[in-house]
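In case you want the letters, here they are:
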Amino acid sequence: MAMIQIKKNKLLLLLASFAIMLTGCTEQLDQPLLNNNFAGGTDYSKTEDMILSLVGVYQSVANRGWEQPLVVSTRGDDVNAAGDQQGLKNMDRYVYDNSFFGSRTLWETYYGDIIRAHTGMEQIERYKELADADGVVLGNQYVAEAKVLRALLLFQLSQVYGAVFIPTSSNLNDFANVTSVPSKDEVMQHLVAQMDEAIPFLPDMRPNERRDLPGGVTKYTALHIKALASQELKNYQGVADAAGEIIASGKFSLFPDYYQLFKTPGKLSNESLYEFQYSDFGEGTGQRVGVTYSPFGPNGWTPAVTGASAGWGFFEPSIKYVKFMLDRGERTRLETSVLFTQTGIDSIIRTTGYTVATLPAFVSPTTRDGDILSNNARHILSSGKHYLPTRQLIPGRTAYGSNKNYIIYRYSETLLMYAEALKQGASNSAISADQAVNLVRERAGLTPITGVTLDQIVDEKYAEFAMEWGKRFYDMVRLERYTELNFGGRNFTKERSFVTYHQDQIDEFPILANVPR
Amino acid sequence: MKISNVILTISFLLFQSLLFAQSTLSISGTVNDSDGMPLPGASIVVKGSTAGTQTDFDGNFTLDNVPSNGTLVVSYIGYASQEVLVANRTRITITLSNDTQSLDEIVVVGYGTQKKADLTGAITTIKAEDIVRTPSANPLQALQGKVPGLQIVSNGAPGEAPTVRVRGVGSYTGGAAQNPLYVVDGIFYDDINFLNPEDIETISLLKDASSSAIYGVRAANGVILIQTKSGKVNQKPRFTYSGYQGVEVANNLVKLSNSEQFATLARESGSAAEASFIDNAMQRYGRSRVNPNIPNVNTDWYDEILRHALIQNHSLGVTGGNESVTYSLGLSQFEQEGILRMKNDFERFNIRAKINVDLSDRLSVGVTTLFSNSTRFRPENGAFAAAYFAVPTMPILDLSKTDAFPRPYANAMDLGYRGPQNPFPLMENTENRIRGRNNLLNFNLQYQILPDKLTFLTSYSHNFETNETREVRLPYFFGIGGAFRENAELTKRNSTFSEQTWDNTLTYKNSYGKHNLEVLGGTSFRDRSFEVLEATGLNFPNGPGIGDESYFLDLSNTIDIDRVGDGGAREYYFSYFSRVAYNFDNKYLLYGTIRADATSKYQEKWGYFPTVGAGWVISEESFMKNIDAINFLKLRASWGQLGNGNVAASSGGITSTTVDGAFGDVRVPGLVTANDFDALKWEVTEETNFGVTATMFKNQLSLEADYFTRKTIDGIIPISRFLVPGTTRQNLGVIRNSGLEFALNWNKRVSEDFGYNIGGNFSTLKNEILDLAGQQNLITGGDVQQRSIVGSAINSFYGLQVAGVYQTPEEIAADPAAQVAIGNGLTVQPGDFRFVDSNEDGIIDATDRVDLGSYLPNYTFGINLGFNYKAWDFSSNVIGQGGNVIANMKRFGVRQTPDPNIDRDFAVNRWSGAGSSNSYPSARGLRNPWSNQFLNSFFVEKGDFVRLQNVTVGYTLPKLKGSFNPTIRFYATAERPITFSQFNGFTPEVADGRDQQTYPIPGVYTVGANINF
């Protein structure tokens, strides 16, 4: 019995010592998850780090999936969907498929990046709370820049779908019980107001004059967006005022070489109001900042630089556009906008009355930079505005269009928007409508005109902005020139102005099913 | 049991002369196992008396004063008891056979053992001889079809683990979160690829809550307990060699369309381009002399990429022990080639030792060590899909391609196709080597504080693994635009994994009259850490004659700085647990465990996992004593809660990610901050089990039947974020699995020369989502959409139901849904599918999609048959499953893959004119957006199969004369020789039901030998 007693005591001792050792173990349970940069650990008193959040917004907005620019750009009489993407082909015919992945990802990723812009602004606000006076001024500018970048996405989103939601913060619970969807007009009004809020805090310079972030947003980017949103609202006086202010600043000019504007020499030109910047940073290897231009590129070619990748052939300028340009005697702008395959040239000859003899020399499968398009089953023409001559590729890089920027807003659009607004009855004294249009024509190698009409301006925009972000399509919808959109057997009606919301979005927000189309 | 036998024996020896006074004999004899190896310590008792003895070291015994007409009862733990008539013999040799149905059998349970008769839970134990019958690297493969409620989905690639599901899928999170817990000699593992099947003594599958809840932390997906071989007290050294060698052959090959069929399809596809590519092939490779309208090439790509492969395994072991030391030592070498024709194999060398030393009556220490060294060359699984799509009108090599290197690979782009198609450049210029080293170390100390009553056990284990991955991508060129690899690329990825476990338990065991009680309490501390470092170098020396020696980052021209990666994780766990087992008179059983687990992995640290179980041994009741047919009958019931801590950790806070922006061609760093985060706790699964255990007809028939429901009540599911892509994970899902399980076995020893056994098992499974926190569904799988909705099985395939195929234009004209589609610009022609307008709105669109079935089988079964006659033994088993579906993604992929080949089944059965088929579309229809815009029932095929899983025939050589007297058995095995399935793929075993590039599961044919002495 005594033995057992001792044993028990020993046991208690043993257990006690284990208990002590194990208490040490339990402290480890509060260790944080490794390999994480916790925002809670951010030192918001380091004002110099504030810019990181702003750059994050820039990068989020520029980081687009391949299909998104196509969903925004594929409709209109300047371009056809080509290749085998049925969703895009349907869209090109104004047939909207509520299961097309592109119409889902456009919505989701645009909103994802709009929310990232809000998160960025909220982070910047937290830095501002601990910043000195200079830091606060800078913080205000950064928030204003993020607002403009957010507006860029929201504007395109509303162009595509019409009525869309307007997030006001990064808190997604705001959308738990939505009861209405702002109409396109409400979205545009919101964007005008947003730009008015941002403009006082933005640098008064061209984007390419910025030293801190070359090519970053400035006051004029915001004014341009304000003009665009006003244009969608058919508030032409608003267009004239905003565009007039850009013109009157005297800071912008058209890049003399229209062909090179869309290539390496045209990066961050004096014409640029905003462009997505992509770069190989001059190096043949290593991580690049880029976008997938492949869907725009020809599907088969013999590049001047061996090994340079061809594209996927999903985006094809229309014969209607080519004929329009040939009939106008356009040279530079046609060469810049369209790449030809031999099949394409044969098709032009067959359908337009032009012959080998009457076609300009640049209508050739070989581009001026020596890349040779081959015939292929997917497309007969390709977009020249998304094309970077392979000789301009940084040696070592092979991705289609690598290192090429993607222009969103340029001064030429400011000029033509302005001219149209005046013709629509607005007034402004910056320059005349004729002057504005002739600046654009002059750069394109065309003769000046006087007493410019609305129709001439609309044609000028067609010639100037083909293949760029569906600008032609949205003009035709706004101006209700639906017959222009009824080409090649297409049947456009007003009800087909907007892409159908994807079924997933309708499932998430049943209210979308009730939005009138 | 054994101890009481000893006492009986001793008392008998003392008093034998007083008890017996009739015609008696002195008998001597030997007790052997079925391998002819002596069994030391077997008990021999004269029936109807307490007289008896035990065999010695060599299995010999002598017993005096045995009635000449008496009966000896010979028993040994783990073997079927035998009754032997003395019949005036004085020399008797008895062979005991292994008894899988013995109720005295000791079953390994969590942190201890229990008698099988005392169990209240559902535990199935598989013994060594059933494991080694399957020629495979992974011991789990042997369990396929043998355990009801356990689904094993084989993996054909050498060295890769099969998918193991215990009682369905209870976690929405895929991958490791659905894996059961493996406990090898007390140490937790996520997989057991490092173990040699020959090293295992038993595998116990703990299926229900009552048996597994003591492993609360990870028990929700079932627990698989593995005991490695150990020595026995007072056993002479016993050497064993076992080895086999064999060949793997891909069976159930899918036939692809040949050139003739393909040319027909291309011409019917409606694409002028495709037809022209056939002409291009004829120009380039000439016309066939048999049929001048097809090219003179007919490549069967599956045939070309596959090969016969070798497999072999050799194991050497020795076990033994004296009064105070037991040991089991072993070596093994396993080698397996893959059937894909590239560097693709697995090799493993294992050393193990398990030693236990009794330092005193009360104190013993043990050390287990197992070192596994493996090298695996991972296949390029993309080759299987590439071979499916590659056109047969192209050879592997095209000697006219003089600019191609390292070999003149043929390029489909030369014929006009969009992609190069040829899988060989990828296969031949890619090498993925993974060198794994796995070390298991355990030290344990056991002290009996009160002899046979109160025991303290402390056990420290360290599982240390390293993986050195080397991925080599050599350059090749056979055309521009995707048909070349410019840079030689070398990735080195080294990872270490370490898991330390320290368990302490205190066990108290006692009997008070008819009350039997066992109580256990314990603590466990675990520290898991993982680190990985990787880098990629470009353009190291390569080319003819240069090999391994140059595969070093130091020799690369450039290290790609953006591909240098570093990752790591560390998790801590701390637990208290307790178990109480009580029975009254071996009749009424009560059982309970509780475990409290804490982890650093989740925001809610602590989880509590209780269970209770009860059993009623009806056969012990007096009213049952007269029913001779029933030897044992027990009803069981249990309830409990189990945890799943294998879902990825949650951060519990907002995090930021570094990004690069470009400004004026200068790289500028930025941060993107997330706007939400995950904060999780354990997933909890609640399980209820009802079961019956019975043995009948002299223990020859055994029955186990169970009904279970297991409900994951805190299931971690993605909760869609409003508006934006992505989800956050929250513990809001409810998933239920329920089913019935039966196992019936008949084991008969007809004579000393002949015995047979026949058995079967059958289980059903119903998987159902019960709650998704108000979300309509969870969607995954992209175009091959899988959807989870309340009321359906997890991740069911989702698409349109095909009603038939349009035969005539009139039929299309009469169908309003087709007319709407045509109005929208789609093409609908005869040969296209006609779909079910399930919402009856007159149009076919996304809202007409329906549940097309689940990848989880509704039922699985296994049948085994074995017999032995004299020196011959035979065993076989058949397995099967049904009710599941498989998405034929290769066939569906045709729509996105321009101008590909397709399988012959389609080519033969396609619609080719009115009345030709009402289930297959035309070649044009297959690619027509109307017919393939959504996944539809044509592409979702039945996964039912029946397979002859294993046939083994063995012959044991007669014993040699003389002192060196080994038992030698030769055998031949056919593993998976025949499979019956309607699925148009290599194998109906597709773990997730998505057959895109599944590695074929080969048949394996081996011959082998076991030598024991």
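Basis of the calculations
- Residues numbered from 1 in each chain as written.
- Chains lettered and ligands numbered in written order.
- Predicted model: local features only at pLDDT ≥ 70, side-chain atom pairs only at ≥ 80, totals over all residues.
- Helix = DSSP H or I, 4+ residues; strand = E, 2+ residues; numbered from the N terminus.
- Contact = placed C-beta atoms within 7 Å.
- Pairing = 2+ DSSP bridges.
- Axes fitted to C-alpha atoms, helices over the stretch in contact; angles between N-to-C directions.
- Nonpolar A, V, L, I, M, F, W, Y, C, P; charged D, E, K, R; others polar.
- pLDDT = per-residue confidence, 0-100.
- Parallel < 35°, antiparallel > 145°, perpendicular 65-115°, else oblique.
- Left-handed = near helix turned anticlockwise from the far one by under 90°.
- Buried ≥ 20, exposed ≤ 12 C-beta atoms within 10 Å, placed from the backbone.
- Arc of directions from axis to C-beta.

K.L.:
Which parts of the structure should I look at to understand the overall build of chain A?
P.N.:
Of the regular secondary structure elements, chain A holds 19 helices and eight strands. By its C-alpha atoms, chain A is 120 × 50 × 50 Å across when sized along the principal axes. Of the contacts formed within chain A by residues at least 6 apart in sequence, a portion of 69% connects residues at least 24 apart.

K.L.:
When you look at the sheet that holds strand S2 (residues 43-46) of chain B in this model, what are you seeing that I'm missing?
P.N.:
Picture the strands of a sheet paired through backbone hydrogen bonds; they go either parallel or antiparallel. All names here are of chain B. Overall, antiparallel pairing links the four strands, which are arranged S3-S2-S5-S6 in an open sheet. Here the strands that pair on one side only, and so sit at the sheet edges, are strand S3 (52-54) and strand S6 (82-85). Taking each pair of neighbouring strands and ignoring which way they run, the sheet shows an average axis angle of 20°. Relative to S6, strand S5 (residues 71-75) runs antiparallel, the two sharing four bridges. Counted as the bridge partner of Val-74 is Gln-82 from S6.

K.L.:
Explanation requested: the interface of chain A and chain B in the structure shown.
P.N.:
Interfaces are often sized by the accessible area lost when the parts come together. Tallying the contact residues gives 71 residues for chain A and 62 residues for chain B. For the side of chain A that touches chain B, the elements supplying multiple residues, two or more each, are helix H1 (2-26), helix H2 (50-62), helix H4 (86-92), helix H5 (101-129) and helix H19 (503-508) of chain A. Take the side of chain A that touches chain B: its biggest share by element is nine residues, from H5(A). The residue inventory of the side of chain A that touches chain B, partitioned by class, reads 29 nonpolar, 34 polar and eight charged.

K.L.:
Explanation requested: the pairing of strand S23 (residues 454-473) of chain B in the structure shown.
P.N.:
Each regular strand carries side chains that alternate between the two faces of the sheet. All names here are of chain B. Examined bridge by bridge, strand S22 (residues 430-450) and S23 share 20 bridges and lie antiparallel to one another. When the sheet's bridge partners are listed, Leu-441 is paired in S23 with His-462. Between S22 and S23, which pair antiparallel one after the other, the connecting turn spans three residues, and Asp-452 there sits at a positive phi close to 60°. Alignment of S23 against strand S26 (residues 489-512), held across 20 bridges, turns out to be antiparallel. Opposite Ser-461, over in S26, you have Thr-501 as the bridge partner.

K.L.:
Just to check I follow, could you spell out the pairing of strand S9 (residues 112-115) of chain B for this structure?
P.N.:
Residue and element names in this part refer to chain B. Across four bridges, the pairing between strand S8 (residues 106-109) and S9 is antiparallel. If you follow Val-108 over to S9, its bridge partner there is Thr-113. Linking two consecutive strands that pair antiparallel, namely S8 and S9, is a turn of two residues; a positive phi of about 60° is found at Tyr-111 within it.

K.L.:
What is the right way to read the sheet that holds strand S1 (residues 24-33) of chain B from this model?
P.N.:
Residue and element names in this part refer to chain B. On the basis of which strands lie adjacent, the open sheet formed by three strands has the order S4-S1-S7 and mixed pairing. On the outer flanks of this sheet lie strand S4 (60-67) and strand S7 (91-96), each paired with one strand and no other. Pairs of neighbouring strands in the sheet enclose a mean axial angle of 30°, with direction left out of account. Bridging between S1 and S7 involves six bridges; their strand directions are parallel. Bridged to Asn-32 within S7 is Thr-95.

K.L.:
What is the right way to read the confidence of the model for chain B from this model?
P.N.:
As a general rule, the predicted coordinates of low-pLDDT regions are not to be interpreted in detail. Residues and elements named next belong to chain B. Scored by pLDDT, chain B has a mean of 88; 97% of the residues are at 70 or more. When the criterion is pLDDT under 50, residues 1-21 qualifies, and its contacts beyond four places in sequence or with other chains add up to 15 contacts. Reported for the predicted complex are a pTM of 0.79 and an ipTM of 0.91.

K.L.:
What is the right way to read the packing of helix H7 (residues 184-198) of chain A against helix H8 (residues 219-232) of chain A from this model?
P.N.:
In a packed pair of helices, the relevant descriptors are the angle between the two axes and the axis-to-axis distance. Residues and elements named next belong to chain A. Across the interface, H7 lies against H8 with an axial gap of 9 Å and an inter-helix angle of 160°. With respect to H8, the element H7 is oriented roughly antiparallel. Two packed elements cross with a definite hand, and for H7 against H8 that hand is left-handed. Note on element contacts: H8 touches H7 through Ala-222, Ile-225, Lys-226, Ala-229, Ser-230 and Glu-232, opposite Met-188, Leu-191, Val-192, Met-195 and Ala-198.

K.L.:
Whenever I open this one, the environment of Leu388(A) confuses me. Can you help?
P.N.:
All names here are of chain A. Note that Leu-388 resides in the loop between strand S7 (381-383) and strand S8 (406-410). Considered as a pair, Leu-388 and Ala-433 are 45 residues apart in the sequence and their alpha carbons are 33 Å apart. Excluding residues that lie within four positions of it along the chain, Leu-388 makes contacts with Lys-263, Thr-264, Leu-393, Gly-401 and Lys-404.

K.L.:
What exactly am I supposed to notice about unusual backbone geometry here?
P.N.:
Note: most residues except glycine have negative phi, and most peptide bonds are trans. Here Phe405(B) and Pro406(B) are connected by a cis peptide whose omega angle stands at -5°. Its place among the elements puts Pro406(B) in the loop between helix H7 (382-389) and helix H8 (424-428). Unusually for a residue other than glycine, Met467(A) sits at a positive phi of about 75°. The topology assignment puts Met467(A) in the loop between helix H16 (454-465) and helix H17 (471-478). For Met467(A), a count of 26 C-beta atoms within 10 Å puts it in the buried group. In this model, Ala773(B) sits at a positive phi of 55°, which is unusual for a non-glycine residue. By the secondary structure assignment, Ala773(B) is in the loop between strand S39 (766-771) and strand S40 (778-780). What makes Ala773(B) partly exposed here is the crowd of 13 C-beta atoms within 10 Å.

K.L.:
Explanation requested: H17(A) in the structure shown.
P.N.:
One turn of an α-helix holds 3.6 residues; hence residues three or four places apart share an orientation. Residue and element names in this part refer to chain A. Of all eight residues that make up H17, seven are buried, and the element is covered over most of its length. The set of residues buried in H17 consists of Lys-471, Arg-472, Phe-473, Tyr-474, Asp-475, Met-476 and Val-477. Residues of H17 that are buried sit in contact with helix H6 (133-161), H16 and helix H18 (482-485). Directly beyond the C-terminal end of H17, a positive phi value near 55° is found at Glu-480.

K.L.:
Looking at this model, I keep getting lost on helix H13 (residues 342-352) of chain A. Mind explaining?
P.N.:
Residue and element names in this part refer to chain A. Every buried residue belonging to H13 is among Gly-344, Ile-345 and Ile-348, and all of these are buried. The buried residues of H13 occupy an angular sector of 100° when projected down its axis, which confines them to one face. Of the surrounding secondary structure, the elements contacted by the buried residues of H13 are helix H11 (319-328), strand S5 (338-340) and S7. Among the residues trailing H13, Gly-353 stands out with phi positive, at a value near 90°.

K.L.:
In this structure, what is going on with the environment of Phe465(A)? I would like to understand it.
P.N.:
All names here are of chain A. Take Phe-465: it is sitting in helix H16. You can call Phe-465 buried: it has 22 C-beta atoms within 10 Å. Taking C-alpha positions, Phe-465 is 24 Å from Val-95, a pair spaced 370 residues apart along the chain. Setting aside its immediate chain neighbours within four residues, Phe-465 contacts Glu-413, Lys-471 and Arg-472.

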